[in-house]
Amino acid sequence: MLTEAEVLSLWEAGLGQPPVRRSLALAVAGGAERPDELTVGQREGLLLSLHEKGFGGALPCQVACPDCGEQLALTVDVTELRTEEPPRESATLLADGVAVEFRPLRCADLLAVSAETGDARLALLRRTVIAARRDATEIPVAALADSVLEAIAVALPEVDPQADISLALDCSGCGHAWLAPFDVGGYLWAEIEACAHRLLFDIHALASAYGWTEAEVLSVSPARRRFYLEAGAW
Ligand SMILES: [Zn+2]
């Protein structure tokens, strides 16, 4: 269980931060000791667990059908998004005659590339390359064709299955079926922000009405707080 004070601290720490740093801070709150070394999938797994701990395992979502625009409301369970398959150290693929050994993306890669300029997607894919060879000749990463890098993008879920979280959806309006990527970090942050805003409004109302400090308001149980708020509205 996340305490209300912890939710407020997480919200304050994440305010104004780019999503990559925010998700990293949330992964630390979820128990990561060396967050930079986490693969993206390991980070997503921690964020799913943190959601479960703080807000429960059910994730209500609203998604617009990309075909007809119909708004679909659904509730996804954390267990549907979680995979038990751990990341692999590396894998090899063959694309355009080039044999590439690659590894999963790590949080350190995301941090490094978010600070760079240029094509972030290709820069990230280049960072996953351990070695590339055509026949016996080593190819420098900078010389790899975009098509080879795109082949790595397609194969990345094989080495880090939890990094690829998608919902298989079909529209009740037009029957269109599609895979919608699910942004765990964005979802969790929206929950934290909404919860923090509710708490801060309650603190403001009760502090104004009774002269309590923030800590005093938070020490009152939510049920009693609700009563005092309603009593204050009379
Ligand atoms: Zn539709």
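A brief report on the enclosed structure follows. (Residues numbered from 1 in each chain as written. Predicted model: local features only at pLDDT ≥ 70, side-chain atom pairs only at ≥ 80, totals over all residues. Heavy atoms only, no water.)

1. Let's talk about the environment of E214
- Along the chain, E214 falls in helix α9 (residues 214-219).
- Classification of E214 as partly exposed rests on a relative accessible area of 45%.
- Sequence spacing of E214 and A190 is 24 residues, and the spatial spacing of their C-alpha atoms is 23 Å.
- Ignoring any residue separated from it by four or fewer positions in sequence, one finds E214 in contact with L200 and I203. (Helix = DSSP H or I, 4+ residues; strand = E, 2+ residues; numbered from the N terminus. Buried < 20%, exposed > 50% of the residue type's maximum accessible area, 1.4 Å probe, protein only. Contact = heavy atoms within 4.5 Å.)

2. A look at the coordination of the zinc ion
- Ligation of the zinc ion by protein atoms is provided by C65 (SG), C68 (SG), C171 (SG) and C174 (SG), these donors lying 2.3 to 2.4 Å from the ion.
- One can describe the site at the zinc ion as tetrahedral: its four donor atoms subtend angles covering 105 to 112° at the metal.
- Within one chain, the residues donating to the zinc ion are spaced in sequence as C-x2-C-x102-C-x2-C.
- On the accessibility criterion, C68 (42% relative accessible area) is partly exposed. (Donors = N, O, S within 2.8 Å, 3.2 Å for Na, K, Ca; no water. Tetrahedral: all angles 85-135°; square planar, octahedral: opposite > 155°, others 65-115°.)

3. Overview of the pairing of strand β5 (residues 129-134)
- Pairing of strand β4 (residues 98-102) with β5, which is carried by four bridges, proceeds in the antiparallel orientation. Each residue of the ladder has a partner; that of F102, found in β5, is V129.
- Where β5 and strand β6 (residues 137-138) come together, two bridges link them in antiparallel fashion. Its bridge partner lying in β6, R133 is registered against E138.
- Connecting β5 to the next strand, β6, in antiparallel fashion are two residues, including D135 with a positive phi near 55°. (Pairing = 2+ DSSP bridges.)

4. As for the side chain of D160
- Within the secondary structure, D160 sits in the loop between α7 (146-159) and β7 (166-170).
- Although D160 is buried, it forms no salt bridge, and the closest oppositely charged side chain is R106 at an N-O distance of 7.5 Å.
- Discounting chain neighbours no more than four positions away, the residues touching D160 are T39, V40, G41, Q42, P87, P104 and L105. (Lys, Arg positive; Asp, Glu negative; His and termini not counted. Salt bridge = Lys/Arg side-chain N within 4 Å of Asp/Glu carboxyl O.)

5. Thoughts on the pattern of salt bridges
- This model, assessed by the stated rule, comprises nine salt bridges.
- For E150, the salt bridge goes to R121, with nearest N and O atoms at 2.2 Å. In this pair, E150 is assigned in helix α7 and R121 in helix α6 (residues 120-127), connecting sequence segments 29 residues apart.
- Put simply, R103, D109 and R127 are held in one network by salt bridges that share partners.

Note that all results are geometric; they support no functional claim without further evidence.
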